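# Architecture at a glance
Residues per chain, in single letters:
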Amino acid sequence: MQDEQQDTIVAVVGCGFYGQNHLHAWKDLARAGAKLSAVCDLDAGKARAAGETFCARWYTDIDDMLSREHIDLLDIPTQMRSHRALAARAADRGIAAIVQKPLAPDGEEAAAIVRHAANCNAWLAVHENFRFSTVMLRIKSLLDSGAIGAPGWARLSFRTDYDIYTGQPYLLKEERFVILDNGIHILDLARFFLGEVERITCETQRRNPRVSGDDTATMLLRHESGAVSVVETTYEAHRVPDPFPATIVEIEGSKGSILLDHEDNMTVTSEGRVRSEHIGSPLLSWTSRPWHGSQEAVLNANAHFLEAFRAGRPAATSGADNLKTFALVEAAYLSAQTHETVQPQPA
């Protein structure tokens with residue numbers, strides 16, 4: 001446990017497209033005891049710009065930064081193939097780490113990252129941020145309160161054709177694409193809302209000829225509670241209006257239901273009584289539509305990680321917990337390949 005009176009010294013490695021949201025979040029969390037002291041990126045221009053913008057020392061070499069700086073918490077919002085090496089550098093020095101999702105390209109490597117951190121007794125969290133958005137936290141609180149009784153069925157749907165490739169062109173080359181990039185978020189929400197999964201069936205499609213991998217996945221989950229959920233993700237849904245980046249949620253329970261549309265309007269039926277509310281994510285000084293909900297979820301997630309680390313307890317999305325979500329990704333791909341129902345096997 002860290003002394004609550006001391007600042008937690010934070011460094012960020014990865015100052016690119018999505019890393020900017022992490023940098024802004026840490027700046028906002030100065031009031032909660034986070035002190036962003038250093039940033040690192042292989043691109044000197046990005047590292048310098050981030051250092052100047054966020055008043056932090058900047059580096060282009062991670063080993064140089066780790067040897068020169070005292071760091072309590074290393075945030076790693078980089079592409080997945082760099083995660084193992086970067087997380088190991090932190091763990092070897094006893095530095096706590098937050099690693100961007102997906103934790104790794106496959107379950108075996110993800111498990112190796114978690115094992116190495118555990119062997120070094122190093123705190124590790126995965127930046128799986130969808131469950132930390134204001135609207136998803138509100139749904140979870142309703143479920144926990146028993147407002148709709150025991151949930152028995154759900155549909156979680158992320159369908160868009162928003163151009164994600166301009167900002168992240170490397171996604172076009174991924175052989176395992178939409179489930180690993182976005183479906184992992186929705187699968188984690190299914191666990192968050194309905195509990196662990198007993199078996200999964202999945203069909204994938206490649207509907208855009210420009211991409212190398214799957215851009216559409218439709219999954220059917222049977223949860224250990226007996227609940228059933230349908231999890232959908234695609235970057236090829238040509239809709240007007242485009243719901244990006246919303247996840248549409250329908251959950252039916254023994255006493256009612258929760259319906260969330262793409263504009264964060266929620267209708268709750270509880271024992272015959274119906275009420276509606278709008279749960280919008282606030283626009284912060286550094287957020288902008290349509291990304292503001294995802295950006296605010298980064299802030300909420302980082303606040304949770306900071307609090308958990310300072311209290312000396314695991315994060316809700318610890319490395320060990322995230323392996324359960326990653327097992328669903330692997331099971332989904334195996335099901336799509338074999339055309340069979342698969343039991344997830346956490347590594």
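Heads up: these notes are all about the structure in this document.

Parameters at a glance
Residues numbered from 1 in each chain as written. Predicted model: local features only at pLDDT ≥ 70, side-chain atom pairs only at ≥ 80, totals over all residues. Heavy atoms only, no water. Phe/Tyr/Trp six-rings, centres within 6.5 Å; stacked < 30°, edge-to-face > 60°. Helix = DSSP H or I, 4+ residues; strand = E, 2+ residues; numbered from the N terminus. Buried < 20%, exposed > 50% of the residue type's maximum accessible area, 1.4 Å probe, protein only. Lys NZ or Arg CZ within 6 Å of the ring centre and 35° of its normal. Pairing = 2+ DSSP bridges. Axes fitted to C-alpha atoms, helices over the stretch in contact; angles between N-to-C directions. Right-handed = clockwise from strand over helix to strand, strands pointing away. Contact = heavy atoms within 4.5 Å. Parallel < 35°, antiparallel > 145°, perpendicular 65-115°, else oblique. Nonpolar A, V, L, I, M, F, W, Y, C, P; charged D, E, K, R; others polar.

### Some points on the packing of aromatic side chains
For the structure on display, the rule yields 13 aromatic pairs. Between Tyr165 and Phe177, the aromatic rings sit 6.1 Å apart at their centres with planes inclined by 50°, giving tilted as the arrangement. One end of the pair, Tyr165, is in the loop between strand S7 (151-159) and helix H7 (178-194); the other, Phe177, is in the loop between S7 and H7, and 12 residues separate them in sequence. Note on Phe177: relative accessible area 1%, which makes it buried. Here the guanidinium or amino end of Lys140 rests over the ring plane of Phe192, the centre of that ring lying 5.2 Å away.

### As for the sheet that holds strand S13 (residues 265-270)
Taking strand neighbours across the sheet as the criterion, the 8 strands line up as S8-S9-S10-S7-S11-S12-S13-S14 in an open arrangement whose pairing is mixed. Lying at the two open borders of the sheet, with one neighbouring strand each, are strand S8 (197-205) and strand S14 (273-278). When the angles between neighbouring strand axes are averaged without regard to direction, this sheet yields 10°. Direction of pairing for S13 relative to S14: antiparallel, over a ladder of 6 bridges. Residue pairing across strands places Asn265 opposite His278, the latter belonging to S14.

### Looking at the pairing of strand S5 (residues 96-100)
With 5 of 5 residues buried, S5 is to be regarded as a mostly interior element. Taking every second residue as pointing to the same face, both faces of S5 are buried, with Ala96, Ile98 and Gln100 on one and Ala97 and Val99 on the other. Alignment of strand S4 (residues 73-76) against S5, held across 4 bridges, turns out to be parallel. Bridging from a neighbouring strand, Leu74 pairs with Ala97 of S5. A crossover connection joins S4 to the parallel S5 through helix H4 (residues 83-92); in handedness this β-α-β unit is right-handed. Where S5 meets strand S6 (residues 124-127), 4 bridges bridge the pair, whose relative direction is parallel. Across the sheet, Ile98 pairs through a bridge with Ala125, a residue of S6. Once the chain exits S5 it traverses helix H5 (residues 107-119) before rejoining the sheet at S6, and the crossover so formed is right-handed.

### Quick word on the sheet that holds S5
Sheet architecture is open: 6 strands sit in the order S3-S2-S1-S4-S5-S6, paired in parallel fashion. The strands lining the two open edges of the sheet, one partner per strand, are strand S3 (57-59) and S6. Direction aside, the axes of adjacent strands within the sheet are offset by 25° on average. Of the strands in this sheet, strand S1 (8-13), strand S2 (34-40), S4, S5 and S6 touch helix H1 (residues 19-28), which is tilted by about 150° from S2. Running over the sheet, helix H2 (residues 44-53) touches S2 and S3 and is turned about 170° from S3.

### As for unusual backbone geometry
For residues other than glycine, phi is negative in most cases, and the peptide bonds are mostly trans. Note that the residue after Val240, namely Pro241, is joined by a cis bond; omega there is 0°. Positionally, Pro241 belongs in the loop between strand S10 (228-234) and strand S11 (248-253). With omega at 0°, the peptide bond leading from Phe244 into Pro245 counts as cis. Along the chain, Pro245 falls in the loop between S10 and S11.

### Side note on the packing of H5 against helix H9 (residues 319-338)
Contact geometry for H5 and H9: axes closest at 10 Å, N-to-C directions at 175°. Accordingly, the angle class assigned to the pair H5 and H9 is roughly antiparallel. Taken together, the residues of H9 that come into contact with H5 (itself represented by Gly107, Ala110, Ala111 and Val114) are Gly319, Ala320, Leu323, Phe326 and Glu330. By residue class, the composition of the contact of H5 with H9 is 6 nonpolar, 2 polar and 1 charged.

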